[in-house]
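Examination of the molecular architecture
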Amino acid sequence: MLNFGLKGYYNIIEQLLIFAPMSKTVALHTLGCKLNFSETSTMGRMLENDGFIKKDFNEVADVYVINTCSVTENADKECRLLVRRIQKKAPEALVVITGCYAQLKPEEIANIPGVDLVLGAKEKFNLSFHLKEITKSDSTKICSCDIEDVNIFTSSYSLNDRTRTFLKVQDGCDYSCSFCTIPMARGKSRSDSIQNILENVKSISAKGCKEIVLTGINLGDFKTQSIETSHDQTVIEKEEYFFDLIKVLDAVEGIERYRISSIEPNLLTNEIIEFVSNSKKIMPHFHIPLQSGSNKILGLMRRRYKKELYAERVGLIKTMMPHCCIGVDVIVGFPGETDEDFKESFDFLHSLDISYLHVFTYSERPNTTALELKPIVPINIRNERNKILRNLSYQKMQYFTSQHIGETRNVLFESEQSNGMIEGFTDNYIKIVAPFNKDFVNKIIQWKI
């Protein structure tokens with residue numbers, strides 16, 4: 001038996017501590033869309049697998065990661081505000097900015113005091129590698145890339161709670177709407193394979209999740225290839241589309257609910273609507289971007305449809321599923337939108353059998369063709385139009401809910417709220433609030449509205 005003596009043991013322990021890897025803590029925050037939530041959650045799991053310890057964003061951590069959006073000016077401002085808060089709370093922490101804002105304006109972000117690392121679209125899922133290579137310093141490291149180089153699809157899904165998850169199945173966009181920076185931030189349209197999506201669905205189901213929200217930048221543009229071998233061993237490449245995906249998912253055991261997050265009206269086909277109307281797993285809930293109820297403004301926006309097609313889509317949905325919830329995206333104050341154009345848009349929305357609106361106030365985005373359009377709508381008028389449509393949205397949701405009072409519908413309850421209540425949503429997206437009952441959590445309950 002070796003005898004090192006007490007001093008020898010202390011020396012050995014000291015050497016072990018020097019060479020032992022230190023687990024760093026990391027806190028992540030998401031700005032923007034459901035797709036960003038799925039990616040942030042995936043980045044968090046990747047970091048945990050590499051030995052990082054996740055902490056709440058409000059806590060002190062060694063590393064802070066902000067996954068940004070850049071659809072509106074407010075997202076940019078919020079990113080700056082978060083960095084300032086981190087500087088006050090944990091001045092020695094590493095601050096990493098990734099996401100759409102990072103891809104579009106890496107130099108601008110690098111000039112924000114306190115930012116240490118800027119990761120473009122191609123590098124955000126290599127986060128762990130970059131964190132091992134960087135230390136706190138006065139200079140900011142930028143790992144950006146040309147958006148043309150972004151051509152790989154990385155699977156992502158959120159697991160923030162066990163009730164619902166956002167599953168990314170498509171990324172990027174080939175459209176060129178005049179107001180939008182997303183193609184510049186996300187690259188060309190690309191999709192996951194159906195086989196890989198099924199593997200992710202199985203993993204999500206194994207964690208007890210009841211509902212999956214299918215997400216993408218242009219979800220209806222989902223397109224992938226599968227390889228089949230015929231009886232004579234001939235290899236056949238087959239293209240598969242969004243309709244093929246939902247047919248496959250509808251037959252999978254384990255997940256009880258699917259929602260389609262958002263789908264362009266020109267890509268929402270009759271066969272998709274008919275399939276959803278007969279499905280027990282895909283919820284009767286569509287979110288269909290409109291952006292304007294004026295064909296003149298839709299043309300200036302470079303949208304790929306006219307309002308007549310939109311009305312036709314809504315009419316078919318309501319014919320097949322009178323109980324279906326329909327959400328609508330609208331932009332107000334777009335350049336050239338006159339009072340008459342706005343009234344036309346308002347009247348069109350008022351006439352539609354829809355359930356709610358997501359109203360966006362137009363904000364100028366660099367490098368978009370909309371910047372060349374005139375006349376510019378004053379900010380105060382944009383804000384006033386926003387208020388008018390938000391009021392219409394409230395009225396629409398109230399009316400939609402009132403149509404279903406007295407009905408019994410399936411409600412998936414989530415988790416306890418701070419006031420002792422529990423929340424859930426019906427299949428057709430009516431929010432239900434009830435006194436907390438632990439037996440309701442993550443359960444689908446038949447509920448009389």
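This structure is a prediction, so every number in the text was calculated from the model and none was measured. (Residues numbered from 1 in each chain as written. Predicted model: local features only at pLDDT ≥ 70, side-chain atom pairs only at ≥ 80, totals over all residues. Heavy atoms only, no water.)

What about the sheet that holds strand E17 (residues 356-361)?
Strand order in this open sheet of three strands is E15-E16-E17, and the pairing throughout is parallel. With partners counted over all chains shown, the strands left at the sheet margins are strand E15 (285-291) and E17, one partner each. Each strand axis lies, on average, 20° off the axis of its neighbour in the sheet, ignoring direction. Where E15 meets strand E16 (residues 325-332), six bridges bridge the pair, whose relative direction is parallel. Across the sheet, residue proline 289 finds its bridge partner in E16, namely aspartate 329. (Pairing = 2+ DSSP bridges. Helix = DSSP H or I, 4+ residues; strand = E, 2+ residues; numbered from the N terminus. Axes fitted to C-alpha atoms, helices over the stretch in contact; angles between N-to-C directions.)

Considerations on the pairing of E16
Most of E16 is tucked away, with eight of its eight residues classed as buried. Side chains of E16 alternate between two faces, with Cys325, Gly327, Asp329 and Ile331 and Ile326, Val328, Val330 and Val332 buried alike. Sheet topology places E16 next to E17; six bridges connect them, and they run parallel. Paired with isoleucine 331 across the two strands is phenylalanine 360, which belongs to E17. What joins E16 to E17 is helix H13 (residues 339-351), and the crossover it makes is right-handed. (Buried < 20%, exposed > 50% of the residue type's maximum accessible area, 1.4 Å probe, protein only. Right-handed = clockwise from strand over helix to strand, strands pointing away.)

Quick look at a positive patch on the surface
Side chains of Arg84, Arg85, Lys88 and Lys89 sit close together on the surface and give a patch of like positive charge. Its place among the elements puts lysine 89 in helix H3 (residues 73-89). Taking relative accessible area as the criterion, lysine 89 reaches 31% and is therefore assigned partly exposed. (Patch = residues over 30% accessible without salt bridge, like charges linked within 9 Å, V, L, I, M, F, W, Y side chains within 5 Å. Areas by Shrake-Rupley, 256 points an atom, 1.4 Å probe, with all protein chains shown as cover. Salt bridge = Lys/Arg side-chain N within 4 Å of Asp/Glu carboxyl O. Lys, Arg positive; Asp, Glu negative; His and termini not counted. Charge placed at Lys NZ, Arg CZ, Asp CG, Glu CD.)

A closer look at the pattern of salt bridges
By the definition in use, this model includes 27 salt bridges. Here glutamate 264 ties to arginine 303 by a salt bridge, and the two come within 2.8 Å at their closest N and O atoms. Residue glutamate 264 is found in the loop between strand E14 (257-260) and helix H10 (270-278), and its partner arginine 303 is found in the loop between helix H11 (295-301) and helix H12 (307-320); the two are separated by 39 residues along the sequence. We note a salt bridge from arginine 409 to glutamate 407, for which the minimum N-O separation is 2.8 Å. You can call arginine 409 buried: its relative accessible area is 14%. Each member of the salt-bridge network shares a partner with another, and the members are Glu39, Lys124, Lys168, Asp171, Arg186 and Arg190.

Digging into the sheet that holds strand E18 (residues 408-416)
If you trace the four strands from one edge of the open sheet to the other, you get E20-E19-E18-E21, paired in antiparallel fashion. Looking at which strands have only one partner, the edges of the open sheet turn out to be strand E20 (431-435) and strand E21 (444-448). For this sheet the average axis-to-axis angle between neighbouring strands, irrespective of direction, equals 45°. Pairing analysis gives five bridges linking strand E19 (residues 421-426) to E20, with the strands arranged antiparallel. Bridge pairing in E20 places glycine 424 opposite isoleucine 432.

Let's talk about the packing of aromatic side chains
Two descriptors summarise a pair of aromatic rings, namely the distance from one centre to the other and the angle between the planes of the rings. In total, this model carries nine aromatic pairs according to the counting rule given. A centroid spacing of 5.2 Å and a plane angle of 25° characterise the contact between phenylalanine 413 and phenylalanine 440, whose relative ring orientation is stacked. Of the two residues, phenylalanine 413 sits in strand E18 while phenylalanine 440 sits in the loop between E20 and E21, which places them 27 residues apart along the sequence. A relative accessible area of 0% places phenylalanine 413 in the buried class. These aromatic residues form a ring-pair network of at least three members: Phe179, Phe334 and Tyr362. Directly above the aromatic system of phenylalanine 57 lies the positively charged group of lysine 89, at a separation of 5.6 Å from the ring centroid. (Phe/Tyr/Trp six-rings, centres within 6.5 Å; stacked < 30°, edge-to-face > 60°. Lys NZ or Arg CZ within 6 Å of the ring centre and 35° of its normal.)

Observations regarding the confidence of the model for the chain
On average, residues of the chain score 90 in pLDDT, and 91% of them reach the 70 mark or higher. Within the model, pLDDT remains below 50 along residues 15-21, and this stretch shows zero contacts once partners closer than five positions in the same chain are excluded. (pLDDT = per-residue confidence, 0-100. Contact = heavy atoms within 4.5 Å.)

Re H12
Along its 14 residues, H12 runs 20 Å from first to last C-alpha, staying within 8% of the 20 Å computed at 1.5 Å per residue. Lys307, Tyr310, Arg313, Val314, Ile317 and Lys318 are the residues of H12 that are buried. In a view along the axis of H12, the buried residues occupy a sector of 125°, so they form one face of it. Of the surrounding secondary structure, the elements contacted by the buried residues of H12 are H10, E15, H11, E16, H13 and helix H14 (379-402). (Expected span 1.5 Å × (residues − 1). Arc of directions from axis to C-beta.)

Comments concerning the nonpolar core
If you look at the biggest cluster of nonpolar residues, it comprises 51 residues, and the most contacted ones within it are Phe242 and Phe286. Setting aside residues up to four positions removed in sequence, phenylalanine 242 forms contacts with Leu214, Leu219, Gly220, Phe222, Ile260, Ile263 and Ile272. In this structure, Ala27, Cys79, Ala93 and Ile109 belong to the second largest nonpolar core, which totals 21 residues. (Core = buried A, V, L, I, M, F, W, Y, C linked by side-chain atoms within 4.5 Å.)

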